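# Structural characterization, general
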Amino acid sequence: MQPAPTAVPSAGRLEAREPATGSPLGTVELSSPEQVARAVTGCAQVQPLWSALRLEDRGRYMRRAAQAVVDEFDELMELLAREQGRPLPEVAVVELLPAIEALRWMAGAAPRLLRGKRVGVHRALFPLKRARVEYEPLGVVGVIGARGAPFAEPLAQVASALLAGNGVVLKPSPGACLAGDRIGRLLARAGLPEGLVRVTQGGAEAGRALVQADVSSVFFTGRGETGAEVRVACAQAGRPVVVETGGGDAMLVLEDATVSRAVGGAAWAGFATAGQARGSVERVYVAREVSEHFLAGLTQLAAGLVVGPPLDPRTQVGPLLSRERAEHVDEVVRQAVEAGARRLCGGPVRIPNLDGSFYAPTVLADVDPEMRVMREPVGGPVLAVLTVESTAEAIRLANTCAGGIGASVWTANPHQGRRIARELETGAVWLNDHLISPAVPQGPWGAGRRGAVGRSLGEAGLRACAQEKLVTWDPPSGRPAWWFPYDSIATRAWRAFAQLGSARDADRQRGLREGTLPLVRLGARALRGARSP
């Protein structure tokens, strides 16, 4: 019996099914393109009232949302575990705790990062001018979520937009429709104005409608092909966009690494969430000096991980999200083995009385850099391990797979680790650890330069939801020295001004000698106020 798809449209509703069993889990109403457009219009009507609130007041709502996650922790944990097929502890540490931390940090940081600030002006040129940079809301922000990031990441993006004074229309992945619905309900429980955050549901059609609607900005997380379409559409409409499409993270294990720690880190970062999280490790480059030791330890650990249903307390690795994904993973692994790789453990697993697609943690050795498993995201619990002869080779090979969210370097030398980090083309680099969730909200989150546009989380994520505006003030009387009329006095004065700032002594002396009188006369003209032309 083939497993049922995780989410299918049915009679105007989207039905979520458990990946482990194929059983129905719940339904949400599908949004037509017209409903998406109306959601944006309705949100725009509420947003100006929200933007009038002080930043501290908006932050209080985000703290209430964080508390709502705490209050509903067990219920959310079970829902996400069942919808995503993840073990309960994994949902807690990968989705819920990062969401709480992100909401609380942003609530405290937004008043500091988004409050207007004074900027300096050249007092010799502008003696009485004052200038400020203000951060203004964009309007309505569209957020399109990914199946592999169902809760913490879209919630943090929504919160960033709200703290900047925007309204939000969220379109979660159809494979995370219940998680998206709960995000809307949590924010409603926090007391946000009705209609400020609206959740629309559906697949590509709903996402396309949101991008084409009258939104001011778009946050997109998902597949590379779709991300490219979103970038083009936003460029044509002249609106800012943040696109995150990274996948297939790399791990570099150097000769001085603590192998036992590297083995544990690789297993968790490669097999947690069944290797389907954004930021999961898929490619491991190991120095020859420790390669044999690393492979032996990783194989033993991977083979001992229990595969099963997410609510079983013995389960360490849950099912893949769909039969199609399982077929893709198995095809990539099979091609690698046929091309000469060795499968040390893992492969498809049949769990009695369950219709889900289960795949045991898989370790591949003797892989080649040209194999498909080393060049494109796999999206499953597969670690391909390649032995390298030098650190330079590891860096070069790690950069061949475009758009990784992050990479990790395992070494006892922090200076060498930071040097390597500068050479890796990823959005983040972790030394002796590998994060597979945005668990550090203080820092930016996003893929490398070939897999992303912009950043979410951190200062960059908050400011991506606001537009900078320069505001200046001058006294209501008097006249700037550069106003009309133009004459020889102004010409000589401005030439002298430039010479006085020269790096050469001769220029400064000449400016002082020839420009003092014109500068004094120009200043006197400004002090006398405006004259009739």
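In what follows, the structure referred to is the one given above.
Residues numbered from 1 in each chain as written. Predicted model: local features only at pLDDT ≥ 70, side-chain atom pairs only at ≥ 80, totals over all residues. Heavy atoms only, no water.

## Some remarks on the overall build of the chain
Looking only at helices and strands, the chain has 17 helices and 19 strands in total. Overall, the C-alpha framework of the chain stretches about 95 × 55 × 40 Å when taken along its three principal axes. Residues classed as buried in the chain amount to 54% of the 533 residues present. The chain carries 62 positive and 54 negative side-chain charges, and their two centres are separated by 12 Å. (Helix = DSSP H or I, 4+ residues; strand = E, 2+ residues; numbered from the N terminus. Buried < 20%, exposed > 50% of the residue type's maximum accessible area, 1.4 Å probe, protein only. Lys, Arg positive; Asp, Glu negative; His and termini not counted. Charge placed at Lys NZ, Arg CZ, Asp CG, Glu CD.)

## Focus: the layout of surface pockets
In this structure, the second largest pocket spans a volume of roughly 540 Å³. As for the second largest pocket, its lining consists of 22 residues, and the residues nearest its centre are Pro127, Arg479, Pro480, Ala481 and Ala526. Elements with a contribution of two residues or more to the lining of the second largest pocket: α16 (488-500) and α17 (505-528). Looking at the lining of the second largest pocket element by element, the count peaks at five residues for α17. Among the residues forming the lining of the second largest pocket, the class breakdown is 16 nonpolar, three polar and three charged. (1 Å grid on protein atoms, 1.4 Å probe; cavity = no way out; pocket = protein on both sides within 12 Å on 5 of 7 lines; lining within 4 Å. Points joined across faces, edges and corners; volume = space filled by probe spheres on them. Nonpolar A, V, L, I, M, F, W, Y, C, P; charged D, E, K, R; others polar.)

## Details of the nonpolar core
Val253, Tyr285, Phe294, Leu298 and Val373 are the most contacted members of the largest nonpolar core, which totals 63 residues. No other element matches the seven residues that helix α9 (residues 259-271) contributes to this core. The residues touching valine 373, leaving out its near neighbours within four places in the chain, are Arg283, Val332, Ala336, Leu364, Val367, Val378, Val382 and Ala384. Core analysis: the next-biggest nonpolar cluster, separate from the first, contains 60 residues, Phe73, Ala179, Leu457 and Leu462 among them. (Core = buried A, V, L, I, M, F, W, Y, C linked by side-chain atoms within 4.5 Å. Contact = heavy atoms within 4.5 Å.)

## As for helix α6 (residues 177-189)
Side chains of residues three or four places apart in an α-helix project in the same direction, reflecting 3.6 residues per turn. For α6, built from 13 residues, the straight-helix expectation of 18 Å at 1.5 Å per residue is met to within 8% by its first-to-last C-alpha distance of 19 Å. Here α6 has its buried residues at Cys177, Leu178, Ala179, Gly180, Arg182, Ile183, Gly184, Leu186 and Leu187. Looking at the residues trailing α6, positive phi occurs at glycine 191, about 95°. (Expected span 1.5 Å × (residues − 1).)

## Concerning the pattern of salt bridges
Per the counting criterion, the structure on display carries 29 salt bridges. Between arginine 115 and glutamate 56 there is a salt bridge, and its shortest N-O distance comes to 2.1 Å. On the criterion of sequence distance, the pair formed by arginine 115 in the loop between α4 (88-113) and β4 (117-119) and glutamate 56 in helix α2 (residues 55-71) is long-range, its members being 59 residues apart. Look at arginine 115 and you get partly exposed, because its relative accessible area is 37%. Residue classification places glutamate 56 among the partly exposed residues on the basis of a relative accessible area of 25%. The residue arginine 185 makes a salt bridge to aspartate 181 at a minimum N-O spacing of 3.7 Å. Of this pair, arginine 185 and aspartate 181 both sit in helix α6, four residues apart, which is roughly one turn of that helix. Aspartate 181 sits in the partly exposed class, given a relative accessible area of 28%. Put simply, Asp71, Glu72, Glu75, Arg182 and Arg189 are held in one network by salt bridges that share partners. (Salt bridge = Lys/Arg side-chain N within 4 Å of Asp/Glu carboxyl O.)

## What to know about the pairing of strand β9 (residues 217-221)
Taken across its five residues, β9 has five buried, putting it largely inside the fold. Taking every second residue as pointing to the same face, both faces of β9 are buried, with Ser217, Phe219 and Thr221 on one and Val218 and Phe220 on the other. Alignment of strand β6 (residues 140-144) against β9, held across four bridges, turns out to be parallel. From the neighbouring strand, valine 141 faces β9, where its bridge partner is serine 217. Bridge count for β9 against strand β10 (residues 241-244) is four bridges, and the pairing is parallel. Among the inter-strand pairings, valine 218 is bridged to a residue of β10, identified as valine 241. Crossover connection from β9 via helix α8 (residues 224-237) to parallel β10: handedness right-handed. (Pairing = 2+ DSSP bridges. Right-handed = clockwise from strand over helix to strand, strands pointing away.)

## Quick look at the pairing of strand β2 (residues 13-17)
Of all five residues making up β2, four are buried, and the element is well covered by its neighbours. Taken together, the five bridges between β2 and strand β3 (residues 24-29) define a ladder with antiparallel strand orientation. What sits directly across from arginine 13, in β3, is glutamate 29. Counting the residues that bridge the hairpin from β2 to β3 gives six residues, and of these glycine 22 lies at a positive phi of roughly 80°.

## A short note on the sheet that holds strand β19 (residues 466-473)
The three strands are arranged β4-β5-β19 in an open sheet whose pairing can be described as antiparallel. The sheet terminates laterally at β4 and β19, the two strands that pair on one side only. With direction set aside, neighbouring strand axes in the sheet form an average angle of 35°. By the bridge criterion, eight bridges tie strand β5 (residues 130-137) to β19 in an arrangement that is antiparallel. (Axes fitted to C-alpha atoms, helices over the stretch in contact; angles between N-to-C directions.)

## Some remarks on the sheet that holds strand β15 (residues 382-388)
Spatial strand order, β13-β14-β15-β12-β11-β16-β17: seven strands in an open sheet with mixed pairing. The two strands at the open ends of the sheet, each matched to only one other strand, are β13 (342-349) and β17 (428-431). Each strand axis lies, on average, 15° off the axis of its neighbour in the sheet, ignoring direction. Bridge count for strand β11 (residues 249-253) against strand β12 (residues 281-287) is five bridges, and the pairing is parallel. Across the sheet, valine 253 pairs through a bridge with valine 286, a residue of β12. Contacts between α9 and the sheet are confined to β11, β12, β14 (358-365), β15 and β16 (406-410), with β15 contributing the most and set at about 140° to the helix. Its contacts with the sheet put helix α11 (residues 323-338) on β13, β14 and β15, and the angle it makes with β14 is roughly 25°.

## Quick look at the environment of glycine 346
Considering the arrangement of structural elements, one finds glycine 346 in strand β13. On the basis of relative accessible area, glycine 346 is assigned to the partly exposed category, the value being 36%. C-alpha separation for the pair glycine 346 and threonine 362, spaced 16 residues apart in sequence, amounts to 4.0 Å. Sequence-distant contacts of glycine 346, that is, excluding residues within four places in its chain, are made with Ala360, Pro361 and Thr362.

## Details of the side chain of glutamate 83
Within the fold, glutamate 83 resides in helix α3 (residues 73-84). In this structure glutamate 83 is buried but unpaired, with arginine 147 as the nearest side chain of opposite charge at 8.0 Å.

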